[in-house]
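The chain contents come next:
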Amino acid sequence: MKRFRGIIATLGITGLAAGCVAPMPLAPSWGLGALPADEGYDLLAAPAPCVSRPLAIYARSASTQVVFAGSRHTVNGDVYTNDGIKLAGTTHRILGQAATMDGVVYAGNGSTVRGTRAAAALAVPVTTTIASRAATFNFPGNVNLDTVPGVWLNKTTLKPGLYRAGGVLSVSKAGLTGTVTFQAREVRIHSVNAQLKAFTDRILVLAGAGGTKLTGSGGRFDGTILAPDGPVAIAGSRHGFRGMIVGDSVAVDGTTHTFTGTGPRDCPAVTPPPSRPAVPTRTPTPRPTPTATPTPAPTPAAVRTLRNVIAWTCSAGKGLNFAPDGRLYIGHTGERRVFRLTADERYEWVAGQGYQGQQEGPIATTAIHDPADVAIDARNVVYAADPVVNTIRKIDPNTGRITIHGRQQVLKALPITSSWNPRAVELDPTGKWLYILSSNSSDLRRLDTATGVVHHLAGGYGFESEHDAKTRPLLERPSLVAPDGPWYRAKFNSPHGMAIDKAGNLYIADTWHHLVRKVDMRDPQNPIVSTIAGDKTKFVFADGRWWKDIEGGHQDGDGATARFNQPMDIAIDEKGDLFVADKKNHCIRKIDMRDPARPMVSTVAGNRTAGHVDGKPLESQFNCPFGIAAKGTNIYVTEACNEYMRVVPKP
């Protein structure tokens, strides 16, 4: 599926009304033909920081509201309107300012707005010279590009150029490979779906009074929609917009759309200091050398939010892992895609179509069901854990195909459920073995990347056996909760994340045991499991007689007495220290491994209150940290219920 990066605009824009917002400076005589192709169609320079968020949606009509219908839409930015805002349907969130001339009408249930205030007319100084450009493809009336021969590079990719139609221009299956411009009385991008695939290209849509209409599901639009003389209507489900939307009116329907603003912020204009009269040149008077002033200490690094990326879907799995070439890859179950982070901290599409799929086939067209975690080898082959369909997907850019691994299994000992739910993956340093962590069967397996055969290595659910868990008296069973030892004795409880060190040893986030475990792989045929952090003496009881589980909590210090509360994922840095996404404590923990015999646990970010606050690490707030990766001076964190990736300075 393709993200549109650029502008969706109306024909003949000559500028919008001036108002209270100080416009950001544009290039002189801004016009489409003047912009370099590799710059895209970015309207506005990055604004200076200010109190409010960037502009996401603006309706310029004085008689039409911005209307949110349907359910669960999120606006990560400000909404401006020269009339009012109507929140119908259910559970919409405006995380910036709602600046309106006529207030906010709550006509549904559960919707929230971070701040509201009155607004004067908004200045969005935009002009375009697109009308003077010659069309690459010209159609006198209505046209559906899906059915037009000669405009396709292949079955799903449009040729770059300007497409001009005198009536309605429709498209649904088009992929884009460069700068593509649509110009028509009305533009309809309908049935937006997996046929729109790449995430790095540009699109410009110029519509007349008919405006712009978008339907379908799972579309990604990286740019700006401009339709000040016509309506913008967004329907369907799960569209994501990163840019500014301007229309004569704006209507949002359907479910779960996300809008991330990049337009001008509501910042006061900066008044330059008055010029001073020239001062005559004087011969300097010798002065004694002043005593050196101590250099002030540098400002501590702060937790920050990456806002140039697609917003996460709440409760979606977000697996992070670095490739050998240093690029960060992201497996996203909510988007059903794999991405990687570019040098300028934007998403780049790798695989997946945004909908469920279980088949093998070309990367360009094959869907992935739920890529919960990823591991990458030296040839940039991606192995993705797909837990819902119980498979490992191999995404090979060298062959251009996605295949399924893990069909065959060699079970070393105890019976294991067929619904093994692979949750986390890691490659050993040689690339021969892919380690797979299952949350359903609570065990560790190893896949031979050459043959695709899976071997059971260690673990199993909870206790030494289900029979023991139900029948042995309390005082006879103290060693049976989260037992360590050889592969056939050790047990996990719904582990969700792991990391691997340079020697090939594994570290596991044993989520529901609230422990961090180590799997010593010096003898691959006989792995040994130990607990390196987490207090196994704190238990939850059931009916006063039986152990139920280890109790979650928060305690720094010696690894043997430290406590976690649902550790979800682990990262390891170049020095061998571990970093843990401690979900229910809403914080990031560090395990100092300088003395492997006595690991020390500390909290390095998060004040243990659920929220989204950047700044000093121990004053920042997270909301259920879920995925984690560490490299260089940074720790990258995703959360179960915050929309963005966070960057934490490494202590």
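Further up the page is the structure itself.
Residues numbered from 1 in each chain as written. Predicted model: local features only at pLDDT ≥ 70, side-chain atom pairs only at ≥ 80, totals over all residues. Heavy atoms only, no water.

Peer 1: I keep staring at the overall build of the chain and nothing clicks. Help me out?
Peer 2: Per the secondary structure count, the chain includes one helix and 52 strands. A total of 651 residues make up the chain; the buried ones form 57% of that total. Once local pairs closer than 6 in sequence are excluded, the contacts in the chain between residues at least 24 apart make up 50%. When the accessible surface of the chain is totalled, it reaches about 26,800 Å², and 54% of it is carbon and sulfur. (Helix = DSSP H or I, 4+ residues; strand = E, 2+ residues; numbered from the N terminus. Buried < 20%, exposed > 50% of the residue type's maximum accessible area, 1.4 Å probe, protein only. Contact = heavy atoms within 4.5 Å. Areas by Shrake-Rupley, 256 points an atom, 1.4 Å probe, with all protein chains shown as cover.)

Peer 1: Explain the sheet that holds strand S23 (residues 304–306) to me, please; I cannot follow it from the model alone.
Peer 2: Adjacent strands of a sheet pair through backbone hydrogen bonds, lying either parallel or antiparallel. Reading across from one edge, S23-S52-S51-S50 is the order of the four strands in this open sheet, with antiparallel pairing throughout. The open sheet terminates on both sides in strands that have one partner only, identified here as S23 and strand S50 (625–631). For this sheet, the mean angle separating the axes of adjacent strands, direction not counted, is 30°. Relative to strand S52 (residues 645–649), S23 runs antiparallel, the two sharing three bridges. Among the inter-strand pairings, Thr305 is bridged to a residue of S52, identified as Arg646. (Pairing = 2+ DSSP bridges. Axes fitted to C-alpha atoms, helices over the stretch in contact; angles between N-to-C directions.)

Peer 1: I'm lost on the layout of surface pockets in this one. Help?
Peer 2: Unfilled space is identified by rolling a water-sized probe across the atoms. Of the voids in this model, the largest pocket is the one considered here, and its volume is about 960 Å³. Looking at the largest pocket, it is lined by 40 residues, and the ones nearest its centre are Asn321, Glu426, Ile500, Asp501 and Ile572. Of the residues belonging to the lining of the largest pocket, the class tally is 21 nonpolar, four polar and 15 charged. (1 Å grid on protein atoms, 1.4 Å probe; cavity = no way out; pocket = protein on both sides within 12 Å on 5 of 7 lines; lining within 4 Å. Points joined across faces, edges and corners; volume = space filled by probe spheres on them. Nonpolar A, V, L, I, M, F, W, Y, C, P; charged D, E, K, R; others polar.)

Peer 1: Before we go on, may I ask you to explain empty space enclosed by the protein in this structure?
Peer 2: Overall, the coordinates contain four cavities of 30 Å³ or more when judged by the stated rule. What the largest cavity holds in volume is close to 110 Å³. Looking at the lining of the largest cavity residue by residue, the class counts come to four nonpolar, five polar and four charged.

Peer 1: Even after reading the chapter, I still don't get the nonpolar core, so can you show me in this structure?
Peer 2: Nonpolar side chains tend to gather and get buried jointly when the protein is soluble and globular. Judged by nonpolar contacts, the single largest core of 40 residues is most densely connected at Ile57, Phe68, Phe139, Leu145, Tyr163 and Ile245. Apart from the residues lying within four places of it in its own chain, the contact partners of Phe139 are Leu145, Val148, Val151, Tyr163, Arg164, Ala165 and Gly166. Grouped together as the second largest cluster of nonpolar side chains are 17 residues, Tyr435, Leu457, Phe492 and Met498 included. (Core = buried A, V, L, I, M, F, W, Y, C linked by side-chain atoms within 4.5 Å.)

Peer 1: I would appreciate a short explanation of the side chain of Gln621 in the present structure.
Peer 2: Summarising the element assignment, Gln621 is placed in the loop between strand S49 (600–605) and S50. Judged by its relative accessible area of 18%, Gln621 is buried. Gln621 has contacts with Asn607, Thr609, Ala610, Gly611, His612, Val613 and Arg646, leaving out every residue within four places of it along the chain.

Peer 1: I keep staring at the pattern of salt bridges and nothing clicks. Help me out?
Peer 2: Pairing is possible between side chains that carry opposite charge, provided their charged atoms lie close to one another. In the structure shown here, the tally under the stated rule is 23 salt bridges. Across the pair Asp370 and Arg336 runs a salt bridge whose closest N-O atoms are separated by 3.1 Å. Here Arg336 lies in the loop between strand S25 (328–332) and strand S26 (337–341) and Asp370 lies in the loop between strand S28 (361–362) and strand S29 (373–376), a separation of 34 residues in the sequence. Both residues of the pair, Asp370 and Arg336, count as buried. A salt bridge links Asp510 to Arg517; the nearest nitrogen and oxygen atoms lie 2.6 Å apart. Take Asp510 and Arg517: they sit in the same class, and that class is buried. Shared partners join several salt bridges into a network, and the residues in it are Asp484, Asp510, Arg517 and Lys536. (Salt bridge = Lys/Arg side-chain N within 4 Å of Asp/Glu carboxyl O.)

Peer 1: Can you help me understand the environment of Val453 in this one?
Peer 2: Among the structural elements, Val453 can be located in strand S37 (residues 453–459). When its relative accessible area of 15% is taken as the criterion, Val453 is described as buried. A C-alpha to C-alpha distance of 7.8 Å links Val453 and His405, two positions 48 residues apart in sequence.

Peer 1: Help me understand the packing of aromatic side chains in this model?
Peer 2: Centre distance and the angle of the planes are the two values used to describe a pair of aromatic rings. As enumerated under the stated definition, the model contains three aromatic pairs in all. Relative to Tyr163, the ring of Phe137 lies with its centre 4.7 Å away and its plane at 20°, an arrangement referred to as stacked. In this pair, Phe137 sits in strand S10 (residues 137–139) while Tyr163 sits in strand S14 (residues 161–165), placing the two residues 26 residues apart along the sequence. Relative accessible area serves as the criterion here: at 17%, Phe137 is assigned to the buried category. Judged by its relative accessible area of 0%, Tyr163 is buried. Between Trp487 and Tyr488 the ring centres are 5.4 Å apart and the planes differ by 90°, which places this aromatic pair in the edge-to-face class. By relative accessible area, which is 48% here, Tyr488 ends up partly exposed. Between the NZ or CZ atom of Arg446 and the centre of the ring of Trp433, over which it lies, the distance is 3.7 Å. Directly above the aromatic system of Phe622 lies the positively charged group of Arg646, at a separation of 4.6 Å from the ring centroid. (Phe/Tyr/Trp six-rings, centres within 6.5 Å; stacked < 30°, edge-to-face > 60°. Lys NZ or Arg CZ within 6 Å of the ring centre and 35° of its normal.)

The quantities given are spatial measurements derived from coordinates; they are silent on function.
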